[in-house]
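Structural overview
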Amino acid sequence: MTTNNTGNKASVSKWLLFLVVTIAVIAGLRSMLVTKHEAAAAPQDAATARAVEDRIKPVGEVSIALAPPRAAPAPAVAAVVPAESGAAAPASPASETARPAAPATVATAAPAASKAGESTYHSLCTGCHSIGAMGAPRFGDKAAWAPRIAQGMDALYRSALHGKNAMPAKGGNPSLPDADVKAAVDYMVAAAK
Ligand code: HEC
């Protein structure tokens, strides 16, 4: 009985030890696998992640700052490094790409004034002026426009508003507001200067 009991106790503690070791090994493997899986998934979402990072740069930097503590477990380090290097690449130029953002908004604000001219040109005037139909001065053709620009803007406005030879008044659309016609002239002249 007594010997049996100790024998049982010994085998039970052996089993417990075995179980603990097994669980520890499984837990270790799992954490490795999970980290590897995360690392493998990273390239897949790299494009999305980069796009998001571009948009939320300050947040992206914060999340990278938090990454190293997660890499603390020994087996995770190797797997986390590639994931981090991928994320660090787009994050490091964050400060550089943040700067062009400001000029970009300034640049789009400037041509806003000629928006009416641009859209009028593209909806109407381009029909003749893009290809130079009927001898129309071509859009952006500096040589063709130079002598016309030399007449002064008022003369150009007058030709555009009231017509000149094959150039129809208001480009052939009498309902076009004068301001839009003039804006289109401005747009064409600006492109040919
Ligand atoms: C049906 C074709 C046609 C369309 C559409 C057209 N043009 Fe013209 N445009 C011409 C031709 C041809 C000339 C050259 C006229 C000439 O000097 O004999 C010309 C010349 C001009 C000139 C120079 C006039 C000058 O005094 O030298 C301006 C400015 C101009 N067009 C503006 C416009 C604008 C703005 C539009 C759109 C609203 C427009 N054109 C649409 C054919 C066209």
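Residues numbered from 1 in each chain as written. Predicted model: local features only at pLDDT ≥ 70, side-chain atom pairs only at ≥ 80, totals over all residues.

**Side note on the overall build of the chain**
Check the secondary structure of the chain and you find nine helices and zero strands. Taken from the N to the C terminus, the helices and strands of the chain come in the order α-α-α-α-α-α-α-α-α. Per-residue burial over the chain gives 13% buried out of 193 residues. Counting only contacts in the chain whose residues sit at least 6 apart along the sequence, the fraction spanning at least 24 positions is 70%. (Helix = DSSP H or I, 4+ residues; strand = E, 2+ residues; numbered from the N terminus. Buried ≥ 20, exposed ≤ 12 C-beta atoms within 10 Å, placed from the backbone. Contact = placed C-beta atoms within 7 Å.)

**A short note on the site of the ligand**
Lining the immediate environment of the ligand, one finds 28 residues, of which Cys125, Cys128, Ser159, Met167 and Gly171 sit closest. Of all the secondary-structure elements, those providing two or more residues to the shell around the ligand are α6 (115-129), α8 (153-162) and α9 (178-191). It is α6 that provides the largest number of residues to the shell around the ligand, a total of six residues. When the residues that make up the shell around the ligand are grouped by side-chain class, the tally is 16 nonpolar, nine polar and three charged. (Near = placed C-beta within 6 Å. Nonpolar A, V, L, I, M, F, W, Y, C, P; charged D, E, K, R; others polar.)

**Examining the environment of Gly171**
Structurally, the position occupied by Gly171 is in the loop between α8 and α9. Linking Gly171 and Thr120, residues 51 residues apart in sequence, is a C-alpha distance of 9.7 Å. Those residues within four positions of Gly171 in sequence are excluded, and the remaining contacts are Leu124, Cys125 and Leu176.

**Side note on the nonpolar core**
Counting residues in hydrophobic clusters, the biggest one holds twelve residues: Tyr121, Cys125, Cys128, Phe139, Leu156, Ala160, Val181, Ala183, Ala184, Val185, Tyr187 and Met188. Counting residues per element, the ones that place at least two in this core are α6, α8 and α9. Look past the residues within four positions of Leu156 in its chain and what remains in contact with it is Arg148, Gln151, Val185 and Val189. (Core = buried A, V, L, I, M, F, W, Y, C linked by C-beta atoms within 7 Å.)

**Observations concerning α9**
The periodicity of an α-helix, 3.6 residues per turn, causes residues three or four positions apart to be oriented the same way. Relative to the 20 Å expected for 14 residues at 1.5 Å per residue, α9 spans 20 Å between its end C-alpha atoms, a close match to the ideal helical length. For α9, the set of buried residues is Val181, Ala183, Ala184, Val185, Tyr187 and Met188. Next to the buried residues of α9 lie α6 and α8. (Expected span 1.5 Å × (residues − 1).)

**A few points about the packing of α6 against α9**
For the pair α6 and α9, interaxial distance at closest approach is 8 Å and the crossing angle is 75 degrees. What the angle tells us is that α6 and α9 run roughly perpendicular. Residues Ala116, Gly117, Glu118, Thr120, Tyr121, Cys125 and His129 of α6 lie in contact with α9, whose contacting residues are Asp180, Val181, Ala183, Ala184, Asp186, Tyr187 and Met188. Looking at side-chain class alone, the contact of α6 with α9 contains eight nonpolar, three polar and three charged residues. (Axes fitted to C-alpha atoms, helices over the stretch in contact; angles between N-to-C directions. Parallel < 35°, antiparallel > 145°, perpendicular 65-115°, else oblique.)

**Description of unusual backbone geometry**
Backbone geometry at Met134 places phi at a positive 55 degrees, although glycine is not the residue there. Judged by the 10 C-beta atoms lying within 10 Å of it, Met134 falls in the exposed class. Positive phi values are uncommon outside glycine, yet Asn165 reaches one of about 50 degrees. Of note, Asn165 is situated in the loop between α8 and α9. Taking the C-beta count within 10 Å as the criterion, Asn165 has 9 such neighbours and is therefore assigned exposed.

**Quick word on the confidence of the model for the chain**
Per-residue pLDDT for the chain has a mean of 72; in total, 49% of the residues score no lower than 70. Predicted confidence is poor over residues 71-110, with pLDDT under 50, and the contacts of this stretch with residues over four places away or in other chains come to 39 contacts. (pLDDT = per-residue confidence, 0-100.)

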